[in-house]
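# A structural walkthrough
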Amino acid sequence: MFGGIWFGSLVDHHRKKQVMLGSSIASLFFYSISFMMLLSFPESTWTDMWNPWLWIFIVVSMLGVFVGNIRMIALSTLVTILIPVEDRDKANGKIGAVNGLVFSVVSVFSGFVIGRLGMTWAVGIVLAVTLIVIAHLLTLTFPREEHLEGENKKENEVDIRGTIKLIASIPGLFAMIFFAMMNNFIGGVFMSLMDAYGLSLVSVEIWGIVLAITSIGFIVGGGIVARYGLGYNPVRSLLIANLVGWSICIVFPLVPSIWFVGVGFFLWMIIGPIAEACEQTVLQKVVPLERQGRVFGFG
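A brief look at the structure comes next. Only a predicted model underlies this, so the values are computations on that prediction, with no experimental measurement involved.

This part takes up the packing of helix 2 (residues 16-40) against helix 3 (residues 52-67). It is the contact of helix 2 with helix 3, at a shortest axis distance of 7 Å, that shows an interaxial angle of 160°. On the basis of their axis angle, the class for helix 2 and helix 3 is roughly antiparallel. Of the two elements, helix 2 crosses helix 3, and the hand of that crossing is left-handed. Residue-level inspection shows Ser 23, Ala 26, Ser 27, Phe 30, Tyr 31, Ile 33, Ser 34, Met 37 and Leu 38 of helix 2 in contact with helix 3, the latter providing Trp 53, Ile 56, Phe 57, Val 60, Ser 61, Leu 63, Gly 64, Val 65 and Val 67. Classifying every residue of the contact of helix 2 with helix 3 gives 13 nonpolar, 5 polar and no charged.

Structure (structure tokens):
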């Protein structure tokens, strides 16, 4: 949480393009170290779970993913800057659909790359894609952000106390943020377990294909929000989405079948971007732009 608030403060105190570039460059740095480790050590290093270099590799790789979260926080604030308030729910739905498309392509691609070519190729491709992302960001321009005034110009100030005070001043916002935070935590654990569970049923290549097909649910869910919005009460929509989504999750792991898992996971994927769009839309509406990064990071 505190790391998220610090990341959010970077987003609040700097131009969004600069922050996204910095995040991508930091990810590139950690992925480059991972790549060099794969080239420098024998293959037996990565099959011995007691080898310290294996765990150093895992930590360094995860740091690349961790700092990449800054881009996601910045993206949420960019919706506030670029999109009128009445269209933000649909914009968040479109983001969910695009993320679903990317997840689908990456799932099947990574499954075959890791299964057939190995981790060195996988990390090398990540490096190449990260360079493409950096090159693309360099071509983008965003409107001037005139909201950086007063105390917000203190670029090193994280201001956890001020962020908590702001959240507490908005009725029900603390409850929604903690609900979303717990939901994201459970979802992260769930996704980690799903990989292990899926790979216990099928090969890595087949599991990649299953993820690619089921992640179409992300596109469907995001498309529903992009087309119809979230209704007059996004908080109510959020609660219903989570009630339905986690009810599905209770049922589909009961039968150890890849078909049963696939159908249930697909339905859960549909719910994901709907719930995410609800959370983002509410925060974008009630939290002042100059503090949105820290609030998004808090959750």
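Right, let's get into helix 3. Here helix 3 contains 16 residues, and its C-alpha end-to-end distance of 23 Å stays within 8% of the 22 Å for a straight helix at 1.5 Å per residue. Put simply, Asn 51 is the residue that caps the front of helix 3, since its side-chain oxygen is 2.9 Å from the backbone nitrogen of Trp 53.

Considering all chains together, one arrives at 7 aromatic pairs under this definition. Considering the side-chain rings of Trp 46 and Phe 57, the 5.2 Å spacing of their centres and the 50° angle between planes classify their relative orientation as tilted. Remark: Phe 57 occurs in helix 3 and Trp 46 occurs in the loop between helix 2 and helix 3; sequence separation between them is 11 residues. Judged on exposure class, the residue Trp 46 and its partner Phe 57 are both buried. Here the aromatic rings of Phe 252 and Phe 265 are separated by 6.5 Å at their centres, their planes lie at 50°, and the arrangement is tilted. Taken as a pair, Phe 252 in the loop between helix 11 (234-251) and helix 12 (258-286) and Phe 265 in helix 12 lie far apart in primary sequence, 13 residues in all. Accessibility classification places Phe 252 together with Phe 265 in one group, the buried group. Following the ring pairs from residue to residue traces out a cluster consisting of Phe 41, Trp 46, Trp 53 and Phe 57. One residue, Arg 227, lies across the ring of Tyr 228, its end atom 5.1 Å from the ring centre.

The rules we used
Residues numbered from 1 in each chain as written. Predicted model: local features only at pLDDT ≥ 70, side-chain atom pairs only at ≥ 80, totals over all residues. Heavy atoms only, no water. Axes fitted to C-alpha atoms, helices over the stretch in contact; angles between N-to-C directions. Helix = DSSP H or I, 4+ residues; strand = E, 2+ residues; numbered from the N terminus. Parallel < 35°, antiparallel > 145°, perpendicular 65-115°, else oblique. Left-handed = near helix turned anticlockwise from the far one by under 90°. Contact = heavy atoms within 4.5 Å. Nonpolar A, V, L, I, M, F, W, Y, C, P; charged D, E, K, R; others polar. Expected span 1.5 Å × (residues − 1). Polar contact = N/O pair within 3.5 Å; in protein donor to acceptor, adjacent residues only side chain to side chain. Phe/Tyr/Trp six-rings, centres within 6.5 Å; stacked < 30°, edge-to-face > 60°. Buried < 20%, exposed > 50% of the residue type's maximum accessible area, 1.4 Å probe, protein only. Lys NZ or Arg CZ within 6 Å of the ring centre and 35° of its normal.

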